Amino acid sequence: MKRNEVQRGYYLRATQPARQLVEVLHEFDLTPAIAPFRRCMHCNALLRATEKEIVEHRLLPDTAKNFDEFYLCPACNRVYWKGSHYRRMNHLIESILSSAGKR
(Lines give C-alpha, C1' and ligand atoms only; values in the text may rest on other atoms or scores of the structure.)
Protein backbone atom coordinates (compact mmCIF):
# COMPACT_ATOMS: atom_id res chain seq x y z
CA MET A 1 0.00 0.00 0.00
CA LYS A 2 3.05 2.25 0.11
CA ARG A 3 3.45 2.14 -3.66
CA ASN A 4 1.93 4.78 -5.91
CA GLU A 5 0.47 2.09 -8.19
CA VAL A 6 -1.79 0.86 -5.37
CA GLN A 7 -4.84 3.09 -5.25
CA ARG A 8 -6.97 1.12 -2.81
CA GLY A 9 -6.10 -1.39 -0.17
CA TYR A 10 -7.03 -2.94 3.11
CA TYR A 11 -4.88 -3.98 6.04
CA LEU A 12 -5.94 -7.37 7.40
CA ARG A 13 -6.17 -7.47 11.15
CA ALA A 14 -6.83 -11.18 11.59
CA THR A 15 -3.87 -13.55 11.64
CA GLN A 16 -5.68 -16.83 10.90
CA PRO A 17 -6.38 -17.52 7.19
CA ALA A 18 -10.07 -18.40 7.70
CA ARG A 19 -10.67 -15.20 9.67
CA GLN A 20 -8.74 -13.20 7.08
CA LEU A 21 -11.03 -14.56 4.39
CA VAL A 22 -14.11 -13.57 6.40
CA GLU A 23 -12.61 -10.12 6.91
CA VAL A 24 -11.99 -9.63 3.16
CA LEU A 25 -15.46 -10.91 2.25
CA HIS A 26 -17.02 -8.46 4.68
CA GLU A 27 -14.83 -5.45 3.85
CA PHE A 28 -15.37 -5.66 0.09
CA ASP A 29 -18.93 -7.07 0.22
CA LEU A 30 -17.93 -10.13 -1.79
CA THR A 31 -20.33 -12.65 -0.26
CA PRO A 32 -22.97 -12.24 -3.02
CA ALA A 33 -20.33 -12.98 -5.67
CA ILE A 34 -19.33 -16.36 -4.25
CA ALA A 35 -20.09 -19.14 -6.74
CA PRO A 36 -18.22 -22.26 -5.62
CA PHE A 37 -17.64 -25.37 -7.71
CA ARG A 38 -18.31 -23.66 -11.01
CA ARG A 39 -14.75 -23.47 -12.30
CA CYS A 40 -11.96 -25.94 -12.95
CA MET A 41 -9.41 -26.07 -10.14
CA HIS A 42 -6.64 -26.56 -12.68
CA CYS A 43 -7.29 -23.98 -15.42
CA ASN A 44 -10.23 -21.89 -14.10
CA ALA A 45 -12.51 -22.60 -17.10
CA LEU A 46 -16.25 -22.83 -16.43
CA LEU A 47 -17.31 -26.43 -15.83
CA ARG A 48 -20.09 -28.11 -17.81
CA ALA A 49 -22.42 -30.81 -16.58
CA THR A 50 -21.83 -34.04 -18.46
CA GLU A 51 -23.46 -37.44 -18.71
CA LYS A 52 -21.91 -40.24 -16.69
CA GLU A 53 -21.60 -42.39 -19.80
CA ILE A 54 -19.26 -39.84 -21.39
CA VAL A 55 -16.72 -39.99 -18.53
CA GLU A 56 -17.37 -43.42 -17.04
CA HIS A 57 -14.34 -45.02 -18.71
CA ARG A 58 -12.14 -42.52 -16.84
CA LEU A 59 -13.58 -43.18 -13.37
CA LEU A 60 -12.44 -45.55 -10.65
CA PRO A 61 -14.94 -48.38 -10.11
CA ASP A 62 -16.16 -47.04 -6.74
CA THR A 63 -16.65 -43.56 -8.17
CA ALA A 64 -18.63 -44.92 -11.10
CA LYS A 65 -20.74 -47.02 -8.74
CA ASN A 66 -21.47 -44.32 -6.13
CA PHE A 67 -21.91 -41.13 -8.16
CA ASP A 68 -24.15 -40.08 -11.04
CA GLU A 69 -23.54 -36.33 -11.36
CA PHE A 70 -20.38 -35.27 -13.19
CA TYR A 71 -18.82 -32.09 -14.55
CA LEU A 72 -16.23 -31.78 -17.25
CA CYS A 73 -13.77 -28.98 -17.92
CA PRO A 74 -14.01 -28.05 -21.61
CA ALA A 75 -10.48 -26.62 -21.59
CA CYS A 76 -8.33 -29.25 -19.85
CA ASN A 77 -10.79 -32.18 -19.87
CA ARG A 78 -10.69 -32.86 -16.11
CA VAL A 79 -13.65 -34.64 -14.53
CA TYR A 80 -15.32 -33.47 -11.29
CA TRP A 81 -17.98 -34.99 -9.06
CA LYS A 82 -19.43 -34.31 -5.61
CA GLY A 83 -17.30 -36.73 -3.61
CA SER A 84 -15.67 -36.41 -0.19
CA HIS A 85 -13.52 -33.44 -1.25
CA TYR A 86 -16.65 -31.60 -2.39
CA ARG A 87 -18.37 -32.29 0.94
CA ARG A 88 -15.37 -31.03 2.95
CA MET A 89 -15.01 -27.90 0.82
CA ASN A 90 -18.75 -27.22 0.92
CA HIS A 91 -18.70 -27.47 4.71
CA LEU A 92 -15.78 -25.02 4.85
CA ILE A 93 -17.52 -22.57 2.50
CA GLU A 94 -20.75 -22.74 4.51
CA SER A 95 -18.90 -22.04 7.76
CA ILE A 96 -17.02 -19.11 6.18
CA LEU A 97 -20.26 -17.65 4.79
CA SER A 98 -21.94 -18.11 8.15
CA SER A 99 -19.10 -16.26 9.87
CA ALA A 100 -19.15 -13.52 7.24
CA GLY A 101 -22.88 -13.02 7.76
CA LYS A 102 -22.43 -12.55 11.53
CA ARG A 103 -20.05 -9.60 11.26
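That block above? That's the structure.
Overview of the structure. Note that the structure is a prediction, hence the values are computed from the model and not measured. Counting from 1, residues in each chain are numbered in the order their sequence is written. Residue-level local features of this predicted model are given only where pLDDT is at least 70; pairs of side-chain atoms are given and counted only at 80 or more, and the full residue set underlies all totals for whole chains, interfaces and linings. Computation of side-chain values covers all heavy atoms of the structure but excludes hydrogens and water.

Here, nonpolar core means buried Ala, Val, Leu, Ile, Met, Phe, Trp, Tyr and Cys residues that are tied together by side-chain atoms lying within 4.5 Å of each other. Each residue's exposure class comes from its accessible area (1.4 Å probe, protein chains only) as a fraction of the maximum for that residue type: buried when under 20%, exposed when over 50%, partly exposed otherwise. In this structure, Val55, Leu59, Ala64, Phe67, Phe70, Leu72 and Val79 together form the largest nonpolar core, which totals seven residues. By the convention used here, residues are in contact when the closest approach between their heavy atoms is within 4.5 Å. If near-sequence neighbours (up to four positions away) are discounted, Leu72 is found in contact with Leu47, Arg48, Thr50, Val55, Arg58, Asn77, Arg78 and Val79.

Ordered in space as 1-2-3, the three strands form an open sheet in which the pairing is antiparallel. Every other strand in the sheet has two partners, leaving strand 1 (48–50) and strand 3 (79–81) as the edge strands with one partner each. Across the sheet, the mean angle from the axis of one strand to that of its neighbour is 40°, orientation sign disregarded. Pairing between strands is defined by DSSP: at least two bridges between them are needed. Each helix corresponds to a stretch of at least 4 residues labelled H or I by DSSP, and each strand to a stretch of at least 2 residues labelled E; elements are numbered beginning at the N terminus. Looking at chain direction, strand 1 and strand 2 (residues 70–72) are connected through three bridges and run antiparallel. Along strand 2, the bridge assignment pairs Ala49 with Tyr71. Fitting a line to C-alpha atoms yields each axis, with helices limited to the stretch in contact; the angle taken between N-to-C directions then spans 0 to 180 degrees.

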